[in-house]
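Structural overview for review
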Amino acid sequence: MEMTVGIHSYVTPRLNTNFKNSCVLRTQLPVGRALSSCTFKTPSFSHSRRSPLHSFIKCSVSEAEATDTATEKVEFVRRNDIRNIAIVAHVDHGKTTLVDAMLKQAKVFRDNQVVEERIMDSNDLERERGITILSKNTSITYKDTKMNIIDTPGHSDFGGEVERVLNMVEGILLVVDSVEGPMPQTRFVLKKALEFGHAVVVVVNKIDRPSARPEFVINSTFELFIELNASDEQCDFQAVYASGIKGMAGLDPDNLADDLGPLFETIIRCIPGPRVKKDGALQMLVTSTEYDEHKGRIAIGRLHAGILNRGMDVRICTPDDACRFGKVSELFVFEKFSRAPAESVEAGDICAVCGVGDVQIGETIADKADGKPLPTISVEEPTVKMAFSINTSPFVGREGKYVTSRNLRDRLYRELERNLAMKVEDGETADTFLVSGRGTLHLTILIENMRRENYEFMVGPPKVINKKVDDKVLEPYEIATVEVPEEHMGAVVELLGKRRGQMFDMQGVGNAILTASRGTAILNTIFDSYGPWAGDMTTRDLGSLVAFEDGTSTSYALASSQERGQLFIKPGVEVYKGQIVGIHQRPGDLALNVCKKKAATNVRSNKEVSVVLDTPLDYSLDDCIEYIQEDELVEVTPKSVRMSKNPKMNKKGR
């Protein structure tokens, strides 16, 4: 287990992602199941792990067909001039910064070119939140070897991105912080990579930190490999010590080179080239799609067999043998930090294909005459769902462009084209849709993207997706690790206890891990499995302050209202009846008038009495989604995020 200050490894059912002001730490899983999952659970894959490509050479034929099959057999060959690798890590372990250094030292950019930090995080949301959300492709060339590099998300809510890209690579760089070591979300990505049989190079990053402990990190990583039932070859991993921000690496933590040369050499030596059927019939598994205004849909994937040419007629195959035909209008390969046009691409390389407008992720672009589908991509099922509906507040249409149910429906179903881990289904009414994802953060990112695209809508509280097996209700559980100073352990234990948490491990070490910049508590969670329903639980003890009427808030009204609890609004803000304007200091909701003006007849002198108002709470979209309960909604517009009572449900506590 992790070594932290007063660490509590907890299991508690029904997760939301955030905790605000030491509110609720969510986590999940009973003691026995957590331990068996980490140590004793038998994997569903064979110990003699093979690449998915092996399925093409192992087939059943009769003796009469054996001679003909032998003559038609196409042998696999290993391409030594290409390495396809994915870089995976826990959130904030320096993965994207390390990729930046690799790109710069491989001369991807001109010497006089101005380059931003965290180049691969090109999405605005990624830069704002400091996390990788979408996997991205790039390539570098080192000593005549092309390295296709895929930067992957570190948060388990975006695990669908990771599961997709692992189909394109032969090995991974597992980036681990030199102080923290492997964290819960490191386990998720590593488990998937080991199931694929991929080679792993462990990069101990941030080795220049004063509190670095490389020996502990390597031992912890090795133990994690054992727990995940890695093969003997996978457990014999090569470790590289690096400082991504300084662009230095070495095979010894005390002897780093001046550049990342040792890392590049290790990749070439330890990660094999793609094993392909170079002379076989064309096969390319589509693992990602993008959209361009001029080129239309772009399919991205790795060629498993054959050669793909620009202008080539192809067959689009699905796992259920339903095939259609298309033509490749344009062909690109990844060179440096952009896509470069290509006339042809050989098996083993990663490319982008234009012209096949209706292609979907998981389909196979194959030879027109003899095309056969590759095994499709499978991802884990969603665990959380939210209801999306049209905006029904009095302020509808003021800020957004797309407000109708048709706009909302089209946008949500369009998201399914590239977001494999998400599901959308129609709700009880024509203007309601149920969206399921891998976690609250997964759904919140979709909501944030939609509001930036000028959509207006409302969302309900996140709900866990339960299962019914043998007439028993099961709910998803997560393993949570909390790093917290000893003086706050009691409060953390109490909070997790309210979430039906069960503590199965606690360790104490020095204060090296918790620094001033990291705050006083760190929560890490990872989905484990479904377990027995733990019973009802409360997520919020206090009620809401609700606006009594439409109007504009005044200082006079807010001065008396703030005595009832904490407010979300300041003077001069337009509100409507039913809008949540604050947190009640007691259980149950309270309706109050925040628009009341001071009567002129009460003025007895020319000198007005100054009103001192408390600073209102500033809740983000994530905070609002966590705050609301069953009878409440979040109104999302391009410029505003508001909360309100759901008019369709009975008002409680009034």
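Here's what I pulled together on the structure shown here. Since this is a predicted model, take the numbers as computed values, not measurements. (Residues numbered from 1 in each chain as written. Predicted model: local features only at pLDDT ≥ 70, side-chain atom pairs only at ≥ 80, totals over all residues. Heavy atoms only, no water.)

**Section: the sheet that holds strand 34 (residues 580–584)**
Read across the sheet, four strands follow the order 32-34-30-35 without closing on themselves; strand pairing throughout is mixed. In this open sheet, the two strands that pair with only one neighbour each are strand 32 (565–567) and strand 35 (590–592). Averaged over all adjacent pairs, the angle separating strand axes in this sheet is 30°, with direction ignored. Pairing of strand 32 with strand 34, which is carried by three bridges, proceeds in the antiparallel orientation. Pairing of Q566 across the sheet is with I583, part of strand 34. (Pairing = 2+ DSSP bridges. Helix = DSSP H or I, 4+ residues; strand = E, 2+ residues; numbered from the N terminus. Axes fitted to C-alpha atoms, helices over the stretch in contact; angles between N-to-C directions.)

**Focus on the pairing of strand 19 (residues 350–354)**
Among the five residues in strand 19, five count as buried, and that is most of the element. Residues of strand 19 alternate between two faces, with I350, A352 and C354 on one and C351 and V353 on the opposite face, all of them buried. As defined by bridge partners, strand 12 (residues 296–305) adjoins strand 19 across five bridges and the pair is classed as antiparallel. Counted as the bridge partner of R302 is I350 from strand 19. (Buried < 20%, exposed > 50% of the residue type's maximum accessible area, 1.4 Å probe, protein only.)

**A short note on the packing of helix 10 (residues 405–415) against helix 11 (residues 440–452)**
Between two packed helices, both the angle of their axes relative to each other and the distance between the axes serve to describe the pair. Their axes nearest at 12 Å, the elements helix 10 and helix 11 cross at an angle of 130°. Comparing their axes, helix 11 and helix 10 come out oblique. Of the two possible hands of crossing, helix 10 and helix 11 adopt the one that is right-handed. Contacts from L408, R411, L412 and E415 of helix 10 reach helix 11 at L446, N449 and M450. (Parallel < 35°, antiparallel > 145°, perpendicular 65-115°, else oblique. Left-handed = near helix turned anticlockwise from the far one by under 90°. Contact = heavy atoms within 4.5 Å.)

**Examining the packing of aromatic side chains**
Working definition: an aromatic ring pair is given by the centre-to-centre distance plus the angle between the planes. The tally for this structure, following the rule as stated, stands at eight aromatic pairs. Taking 5.6 Å as the distance between ring centres and 10° as the angle between the ring planes, the aromatic pair formed by F388 and F457 counts as stacked. Placement of the pair is F388 in strand 21 (residues 384–389) and F457 in strand 24 (residues 457–459), with a sequence separation of 69 residues. Pairing Y619 with Y627 gives two aromatic rings, centres 6.1 Å apart and planes at 75°, and the pair type is edge-to-face. Of the two residues, Y619 and Y627, neither departs from the other in class, the shared state being buried. Grouped by ring-pair contacts, the aromatic residues F568, Y619 and Y627 constitute a single cluster. A cation over a ring is seen here: R213 above F216, with NZ or CZ 4.0 Å from the ring centre. The lysine or arginine in question, K467, covers the ring of Y530, its NZ or CZ lying 4.4 Å from the ring centre. (Phe/Tyr/Trp six-rings, centres within 6.5 Å; stacked < 30°, edge-to-face > 60°. Lys NZ or Arg CZ within 6 Å of the ring centre and 35° of its normal.)

**As for the sheet that holds strand 11 (residues 283–292)**
The eight strands are arranged 15-14-20-11-12-19-16-17 in an open sheet whose pairing can be described as antiparallel. Only two strands of the sheet have a single partner each, and these edge strands are strand 15 (324–327) and strand 17 (338–341). Within this sheet the neighbouring strands show an average axis-to-axis angle of 40°, counted without direction.

**Side note on unusual backbone geometry**
Look at D144: it is not a glycine, yet its phi comes out positive at around 65°. One can find D144 in the loop between strand 4 (136–142) and strand 5 (145–151). The backbone of K206 sits at a positive phi, close to 60°, despite the residue not being glycine. Position of K206 among the secondary structure elements: in the loop between strand 7 (199–205) and helix 7 (214–227).

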